[in-house]
Amino acid sequence: MNSYLINFAIYTLAMIGFIVMALFVYKKSININTRGKSKEFLQVENSLRLSATKTVYVIKAGTEKFLIAGDPASTTMLAKLNETLNIESIINETQNNEKITEFSTMKKLAHRINRG
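Overview of the side chain of Thr55
(1) Moving on: Mapping Thr55 onto the fold places it in strand β2 (residues 55-61).
(2) Moving on: For Thr55, the side chain forms a polar contact with the side chain of Arg49, separated by 3.1 Å.

Some points on the pairing of strand β3 (residues 64-70)
(1) Moving on: Burial analysis of β3 places five of its seven residues in the buried class, which makes it a mostly covered element.
(2) Moving on: Bridging between β2 and β3 involves seven bridges; their strand directions are antiparallel. Paired with Tyr57 across the bridge in β3 is Ile68.
(3) Moving on: Taken together, β2 and the strand that follows it, β3, pair antiparallel across an intervening segment of two residues, in which Gly62 is found at a positive phi of about 70°.
(4) Moving on: As paired elements, β3 and strand β4 (residues 75-81) share six bridges and run antiparallel to each other. Within β4, the residue paired with Lys65 across the bridge is Leu81.
(5) Moving on: If you look at the hairpin formed by β3 and β4, you'll find four residues sitting between the two strands.

Some thoughts on the pattern of salt bridges
Two side chains of opposite charge can pair, provided their charged atoms sit close to one another.
(1) Moving on: Per the stated rule, a full pass over the model turns up two salt bridges.
(2) Moving on: Taking the shortest distance from any N to any O, the salt bridge between Glu45 and Lys65 comes out at 3.2 Å. Highlighted residues: Glu45 in strand β1 (residues 42-49) and Lys65 in strand β3, separated in sequence by 20 residues.
(3) Moving on: Judged by relative accessible area, which is 38%, Glu45 ranks as partly exposed.
(4) Moving on: By relative accessible area, which is 32% here, Lys65 ends up partly exposed.

Cut-offs and rules
Residues numbered from 1 in each chain as written. Predicted model: local features only at pLDDT ≥ 70, side-chain atom pairs only at ≥ 80, totals over all residues. Heavy atoms only, no water. Helix = DSSP H or I, 4+ residues; strand = E, 2+ residues; numbered from the N terminus. Polar contact = N/O pair within 3.5 Å; in protein donor to acceptor, adjacent residues only side chain to side chain. Buried < 20%, exposed > 50% of the residue type's maximum accessible area, 1.4 Å probe, protein only. Pairing = 2+ DSSP bridges. Salt bridge = Lys/Arg side-chain N within 4 Å of Asp/Glu carboxyl O.

The values are spatial; any link to function lies outside them.
Structure, rendered in structure tokens:
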């Protein structure tokens, strides 16, 4: 009877070890595939906190850049950035004129700067 229990315990531990090792290998292979693609395509280049709940992000997607605004209630694309248009030019423009409190103000400024 004792040999039966010992054999059962050994086989059970071996199967649990095999399952854990298979899950470990699976997890590593999934992380390698997703990590490589996300670093190449989507990146947060810069962010600016406007208030406690409002933030503006510069997102790089492939070769294009976008100005994205986010708050707890919504996320809004404000503008597609050219190479000459960047977040610093929008901030400098607003510091001379008015304080940014709403995303609509940021969007209007981005379009005005983008047009020239």
